[in-house]
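A look at the structure
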Amino acid sequence: IGAETDVEVRVDDPELACFSFGKALEGEALRAGVEACAELLALAPEVTVPLFGATWRAPLGPSPLTVYVSGPTTSGKTLLTALAQAHFGRSFHERRLPASMKRHTAAWVNAARAVVGDALFAVDDFLIMGTAEDLRLTEKLDMIARAQYNGSGARRLARDGSMGRGEAAPRSLLVVTGEVLPRHHSLRTRLIVAEMTG
């Protein structure tokens with residue numbers, strides 16, 4: 001038993017192609033890697049314990065879990081989330097996470113998470129500013145978190161009125177970063193909030 005080295009996966013979407021695993025660590029390198037990961041827990045335990053707990057939970061299969069990392073600008077929330085995301089691809093970093101609340105639709109995020117499978121999937125930048133756009137962003141986050149919680153993809157009727165094929169259920173474990181907590185109670189009950197304090 002060990003890492004399978006003869007499996008090759010290709011993903012056409014360049015953003016999803018960042019998901020990859022390097023060569024499995026062994027011996028002293030494995031021990032050093034595990035120790036380095038464990039040391040991350042001491043950085044800001046109120047955030048790192050749920051965040052890295054989710055990172056290590058993700059490969060075990062579907063979970064209703066959504067971790068919401070909240071904090072002001074420059075608090076380090078995106079950096080910590082990027083460190084967690086990098087467990088699933090070395091090219092992820094603070095300015096390159098799988099998705100953004102600003103640039104991606106809820107449907108794309110949920111479809112991408114179905115393709116990615118049992119991994120961490122970070123969505124960056126939930127920010128409401130007291131504008132008309134706030135409702136749309138909150139609805140987007142609700143659609144993403146609700147799909148995670150329910151473990152099901154969207155269902156739509158086909159153009160001819162017949163029952164269409166449903167979308168695949170998103171399987172990855174969801175992490176969302178934001179500067180403010182969502183206001184809707186039903187949405188907040190689906191989140192584990194990890195709040196940066198400074």
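As a reminder, the structure under discussion sits directly above these lines.
Residue numbers restart at each chain and count upward from 1, following the sequence in its written direction. Residues qualify for local features only when their pLDDT is at least 70, as the model is predicted, and side-chain atom pairs are given and counted only at 80 or more; totals for whole chains, interfaces and linings, by contrast, use all residues. Values reported for side chains reflect all heavy atoms of the structure, with hydrogen atoms and water molecules removed beforehand.

1. So, the overall build of the protein
Secondary structure elements are defined from DSSP: runs of H or I of at least 4 residues count as helices, runs of E of at least 2 residues count as strands, and each element is numbered from the N terminus. If you tally the helices and strands in the protein, you get 6 helices and 5 strands. Mapped in sequence order, the helices and strands of the protein form the string α-α-β-α-β-α-β-α-β-α-β. Within the span of the protein, comprising 198 residues, buried residues form 40% of the whole. Contacts between residues were defined by any pair of non-hydrogen atoms, one from each residue, lying within 4.5 Å. Counting only contacts in the protein whose residues sit at least 6 apart along the sequence, the fraction spanning at least 24 positions is 74%. Accessible area of the protein: about 11,500 Å², with a carbon and sulfur share of 56%. In this scheme, a residue with accessible area under 20% of its type's maximum is buried, one over 50% is exposed, and one in between is partly exposed, where area comes from a 1.4 Å probe on protein chains only. Surface accessibility in these figures is a Shrake-Rupley result with a 1.4 Å probe; residues are shielded only by whichever protein chains are displayed.

2. What about helix 4 (residues 106-116)?
Residues Ala 106, Val 109, Asn 110, Ala 112, Arg 113 and Ala 114 constitute the buried set of helix 4. The secondary structure elements touched by the buried residues of helix 4 are strand 2 (99-100), strand 3 (120-126), helix 5 (133-150) and strand 4 (173-178). Gly 117 sits one or two residues past helix 4 and shows a positive phi near 85°.

3. Brief notes about the pattern of salt bridges
The salt bridge criterion pairs a side-chain nitrogen of Lys or Arg with a carboxyl oxygen of Asp or Glu, the two atoms within 4 Å. With the rule as written, the count across this model stands at 6 salt bridges. A salt bridge links Asp 125 to Lys 102; its shortest N-O distance comes to 3.8 Å. Linking Asp 125 in strand 3 with Lys 102 in the loop between strand 2 and helix 4, this pair joins segments that are 23 residues apart in sequence. You can call Asp 125 partly exposed: its relative accessible area is 30%. Among the residues examined, Lys 102 registers a relative accessible area of 58% and is labelled exposed. With a closest N to O distance of 2.3 Å, Arg 136 and Glu 133 form a salt bridge. Of the two residues, Arg 136 and Glu 133 are both situated in helix 5; the distance of 3 residues between them amounts to about one turn of the helix. Since its relative accessible area comes to 40%, Arg 136 is described here as partly exposed. Bridged by salt links that share partners, the residues Glu 28, Arg 31 and Glu 35 form one connected network.

4. Considerations on the nonpolar core
Nonpolar side chains tend toward joint burial in soluble globular proteins. Among the nonpolar cores identified, the biggest contains 40 residues, and Leu 51, Phe 121, Val 123 and Phe 126 are the most heavily contacted of them. Taken together, the elements giving at least two residues each to this core come down to helix 2 (45-57), strand 1 (66-70), helix 3 (77-85), helix 4, strand 3, helix 5 and strand 4. Those residues in contact with Val 123 that lie beyond four places of it in its chain are Ala 99, Ser 100, Met 101, Val 109, Leu 174, Val 175, Val 176 and Thr 177. What makes a nonpolar core is a set of buried Ala, Val, Leu, Ile, Met, Phe, Trp, Tyr and Cys residues whose side-chain atoms join them at distances within 4.5 Å.

5. What to know about the sheet that holds strand 3
An order of 2-3-4-1-5 is seen for the 5 strands of this open sheet, with the pairing classed as parallel. The open sheet has two free edges, formed respectively by strand 2 and strand 5 (192-195), since each of these has just one partner strand. The pairing criterion is simple: DSSP has to find at least two bridges between the two strands. When strand 3 meets strand 4, the two strands line up parallel, connected through 5 bridges. Within strand 4, the residue paired with Val 123 across the bridge is Val 176. Helix-sheet contacts for helix 4 involve strand 2, strand 3 and strand 4, and the interaxial angle to strand 3 is about 160°. Here, axes are lines fitted to C-alpha atoms. For helices the fit covers the stretch in contact, and angles between N-to-C directions go from 0 to 180 degrees.

6. A few points about a nonpolar patch on the surface
A cluster of nonpolar side chains, contributed by Leu 25, Leu 30 and Val 34, occupies part of the molecular surface with about 260 Å² of accessible area. Position of Leu 25 relative to the elements: it lies in the segment before helix 1 (27-40). Patch membership needs two things, relative accessible area over 30% and no salt bridge, and members are linked within 9 Å if like-charged or within 5 Å if nonpolar (Val, Leu, Ile, Met, Phe, Trp, Tyr).

7. Description of unusual backbone geometry
Although it is not a glycine, Thr 74 adopts a positive phi angle of roughly 65°. Secondary-structure assignment places Thr 74 in the loop between strand 1 and helix 3. Of the residues examined, Thr 74 reaches a relative accessible area of 80% and is grouped as exposed. With a phi close to 75°, Asp 125 is a non-glycine residue in the positive phi region.

8. Considering the pairing of strand 3
Two faces belong to every sheet, and in a regular strand the side chains alternate between them. Where burial is concerned, most of strand 3 is hidden: 6 out of the 7 residues are buried. Here strand 2 pairs with strand 3 via 2 bridges, running parallel. Residue pairing across strands places Ser 100 opposite Asp 124, the latter belonging to strand 3. Crossover strand 2 to strand 3 through helix 4 is right-handed. When the strands point away from the viewer and the path from the first strand over the helix to the second turns clockwise, the crossover is right-handed.

Any link to function would need more than the numbers given here.
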